[in-house]
Amino acid sequence: MKLAIKFENWRKPGESYFHTFGAPGTTMGFCSFHHYWLKAKEAGLDKSFWDFDLNYLACQQGKFNKINTQNPLYDMPYAYHFDSALYGQFLRRFAEQGGVKRTEGIIEHVQQNAKSGFVTGLQLTDGRQIEGDLFIDCTGLRGLLIRQTLGVNYEDWSHWLPADSAQAVPSERFDKTLPYTRSIAHDCGWQWRIPLTHRNGNGMVYSSRFTTDEQSTDTLMSNLDSKALDEPRTIRFHTGRTEQQWCKNVVAIGLASGFLEPLESTSIHLIQSGIIRLMKMFPNQGISAAMIDMYNAESQDEYETIRDFIILHYHVNERDDSEFWRAMREMTIPDRLAQKIAAFKETAAIFNEQNDMFRDASWVQVMMGQGLSPVDYHGAVNAMDKQTLLSAMQQIHQAKQQPVSKLLGHDEFIQRYTSA
C-alpha cells in the first residue's frame, strides 16, 4: 500500500518533504486549510503543515489500515505498489476470462481506406488479417498506428523535461515495507525506490545532456539499500504527447499517446482516464468529429496539467551543486505554470483546471515542500481571531493523532490482507 511519495534532496541536499495522497487539515470555512495554517504559523503555531495530515503521520510510523469512516478528519487515501510484470499477467487473465480474444502476432502492414484514410485492418507477418471499425493503439512509444501510419505529430517537451533515459534494477527486499515511494534527487537526476513484499524496485531517471549512462549507473548502484538482484536495464524515452490522441478511427492509449516521466506515478492514471474518456464518447453509428474534438481537448488539458506539475518539482529548487539543477531553475516554464507559481507566492491561491488530476492539497504540498512561501493568505481567514484559530488548530492536530496508535504496522496489515 502507498500513502505518499517522499521527495528527498529536491529543494536542496539534506532536506525532504512528503506529497501525500491525503489533504492536511480539514474544511474550516470559505478557503482552504493551508490559508488558516499560514495565519496560525504567523501567530506562533509550531507545527508543520504535514503534522495535520493523517497519511504523513502514518508514513512516519510505518503504519497502515483501511479506515471506514465518514469523518473527513480520518480520511486516508491510498494507492498500490505493484509488480508491473505480475500485474500485467493478472490483467491478461482477467480480460480473457471476461471474453476478450487475444491474437498474438507481429504487424507487418497497416491497411487503410484509400479515400478516408481510416485504418481498415492489420496484416500480420504470418498472413493473418485482423479487421475492425475502431483501433486502439497500444504500441508504446512507436505509435505504430497513430503516428507512423496516420502521421500525427508528436509534441516535444524535452526543453521543459530533459530527462530522456532511465535505468532500472531490482534488489532484495528491504527489512521493512515502507508505505510510501522514495524519490531521491542526485546531481544528475533522481532515483526511485519502490518497496514490494518480495523485492525492491529501484531506478534512475536522468538526461543524457547532463550525464552519461556510466555515471548514472554508478550513482544508482551506490545508492541501493539492499543487494542488487540483476544488472541495470537502460530505457530510452522522449517526453511529450501525441498532438491528436484520437485521429480518424484510431485512439492512442498509454505510451502511444505520450510519455511523462514516472515522478508522480501518473502513467496508469492516464491509461485509465483515456479508457474512461473513450467509453463516455464511444462511437455509436460511426465516428463523430465532435466527439473526437472533445476527446482530444480533454486529453491535451490533462496531459499539460500533469506536465506542469512535474516541471514544478524541477524548476523550484535551490540546488547549486550541478549544471542540471541550475538549468532546471533557470529555464522558461509554461505560462500557465508561471501564473500558478506567482499566484501562490502572492496570496497562497491555487487554481485548478477541470481535468487536473492533482487537487489543491497536492499543489500546496509540492510548492511548500520546494520552498515557496506565500507573502499573504486569503482575507476570509481574518474572520477568526488568533486565539480561536490556534485553539482550533490544536484540536485538529489532536484529532489527527488519535487514530494513528490504532493503525497496524504496514507489514502486519499486508500479511493479514494477503493471507485473507
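See the structure printed just above.
Residues numbered from 1 in each chain as written. Predicted model: local features only at pLDDT ≥ 70, side-chain atom pairs only at ≥ 80, totals over all residues. Heavy atoms only, no water.

Here's the deal with the overall build of the protein chain
Now for step 1: Counting its regular elements, the protein chain contains twelve helices and 18 strands.
Now for step 2: For the protein chain, whose C-alpha radius of gyration is 24 Å, the value lies close to the compact-globule estimate of 22 Å for 420 residues.
Now for step 3: Considering only C-alpha atoms, the protein chain reaches an extent of 75 × 50 × 50 Å along its principal axes.
Now for step 4: Looking at the protein chain as a whole, 49% of its 420 residues are labelled buried.
Now for step 5: Taking as baseline every contact in the protein chain between residues at least 6 positions apart, the subset at least 24 positions apart corresponds to 71%.
Now for step 6: When the accessible surface of the protein chain is summed, it comes to about 20,600 Å², and 49% of that surface belongs to carbon and sulfur atoms.
Now for step 7: If the 42 positive side-chain charges of the protein chain are averaged to one point and the 50 negative ones to another, these points end up 5 Å apart. (Helix = DSSP H or I, 4+ residues; strand = E, 2+ residues; numbered from the N terminus. Rg over C-alpha atoms; globule rule 2.2 N^0.38 Å. Buried < 20%, exposed > 50% of the residue type's maximum accessible area, 1.4 Å probe, protein only. Contact = heavy atoms within 4.5 Å. Areas by Shrake-Rupley, 256 points an atom, 1.4 Å probe, with all protein chains shown as cover. Lys, Arg positive; Asp, Glu negative; His and termini not counted. Charge placed at Lys NZ, Arg CZ, Asp CG, Glu CD.)

Observations regarding the sheet that holds strand S10 (residues 180-186)
Pairing between the strands of a sheet comes from backbone hydrogen bonds, and it takes one of two forms, parallel or antiparallel.
Now for step 1: With respect to topology, seven strands assemble into an open sheet ordered S2-S1-S10-S11-S12-S9-S13, the strand pairing being mixed. Strands with a single pairing partner mark the edges of an open sheet, and in this sheet they are strand S2 (16-20) and strand S13 (233-236). The sheet shows a mean angle of 20 degrees between the axes of neighbouring strands, direction not considered.
Now for step 2: Bridge count for S10 against strand S11 (residues 189-195) is five bridges, and the pairing is antiparallel. Residue pairing for S11: Ser183 is matched across the bridge by Trp192.
Now for step 3: In the packing of helix H5 (residues 213-221) onto the sheet, the strands contacted are strand S9 (165-171), S10, S11, strand S12 (200-206) and S13, and the crossing angle to S12 comes to about 145 degrees. (Pairing = 2+ DSSP bridges. Axes fitted to C-alpha atoms, helices over the stretch in contact; angles between N-to-C directions.)

A closer look at the packing of aromatic side chains
Now for step 1: Within the structure shown, the criterion is met by 29 aromatic pairs.
Now for step 2: Where Phe324 meets Trp325, the ring centres are 5.1 Å apart and the plane angle is 80 degrees; that geometry is what we call edge-to-face.
Now for step 3: Phe324 sits in the buried class, given a relative accessible area of 3%.
Now for step 4: We note Arg277 situated over the ring of Tyr295; from NZ or CZ to the ring centre the distance is 5.7 Å.
Now for step 5: Of note, Arg307 hangs over the ring of Trp157, and the distance from its end group to the ring centre comes to 4.7 Å. (Phe/Tyr/Trp six-rings, centres within 6.5 Å; stacked < 30°, edge-to-face > 60°. Lys NZ or Arg CZ within 6 Å of the ring centre and 35° of its normal.)

Observations concerning the packing of helix H6 (residues 267-280) against helix H7 (residues 289-315)
Now for step 1: With their axes 11 Å apart at the nearest point, H6 and H7 run at an angle of 165 degrees to one another. Here H7 runs roughly antiparallel to H6, going by the angle between their axes. As for the relative orientation of H6 and H7, their crossing is right-handed in sense. Across from His269, Leu270, Ser273, Gly274, Arg277 and Leu278 in H6, the residues of H7 making contact are Tyr295, Glu298, Ser299, Glu302, Tyr303 and Ile306.
Now for step 2: Residues of the contact of H6 with H7, tallied by class, amount to five nonpolar, four polar and three charged. (Parallel < 35°, antiparallel > 145°, perpendicular 65-115°, else oblique. Left-handed = near helix turned anticlockwise from the far one by under 90°. Nonpolar A, V, L, I, M, F, W, Y, C, P; charged D, E, K, R; others polar.)

Some remarks on the pattern of salt bridges
Now for step 1: A complete count under the given rule lists 24 salt bridges for this structure.
Now for step 2: Of the charged contacts in the structure, one is a salt bridge between Glu104 and Arg102, with a shortest N-O distance of 2.8 Å.
Now for step 3: Among the residues examined, Arg102 registers a relative accessible area of 41% and is labelled partly exposed.
Now for step 4: Between Asp411 and Arg173 there is a salt bridge, with its nearest N and O atoms 2.9 Å apart. Pair noted here: Asp411 is in helix H12 (residues 410-419) and Arg173 is in the loop between S9 and S10, with a separation of 238 residues, a long-range link. (Salt bridge = Lys/Arg side-chain N within 4 Å of Asp/Glu carboxyl O.)

A short note on helix H2 (residues 54-61)
Now for step 1: Across the eight residues that make up H2, a large majority, six, are buried.
Now for step 2: Of all the residues in H2, the buried ones are Leu54, Asn55, Tyr56, Leu57, Ala58 and Cys59.
Now for step 3: Residues of H2 that are buried make contact with strand S1 (4-8), S2, strand S3 (63-64), S10 and helix H11 (386-401).
Now for step 4: A side-chain oxygen of the first residue of H2 lies 2.9 Å from the backbone nitrogen of Asn55; this N-cap is Asp53. (Polar contact = N/O pair within 3.5 Å; in protein donor to acceptor, adjacent residues only side chain to side chain.)

Observations regarding the pairing of S11
Now for step 1: With respect to burial, S11 is a largely interior element, six of its seven residues being buried.
Now for step 2: Counting the residues between successive antiparallel strands, the hairpin from S10 to S11 contains two residues.
Now for step 3: Relative to S12, S11 runs antiparallel, the two sharing seven bridges. Its bridge partner being in S12, Gln191 is matched across the sheet by Met204.
Now for step 4: In this antiparallel pair of consecutive strands, S11 and S12, the connection spans four residues.

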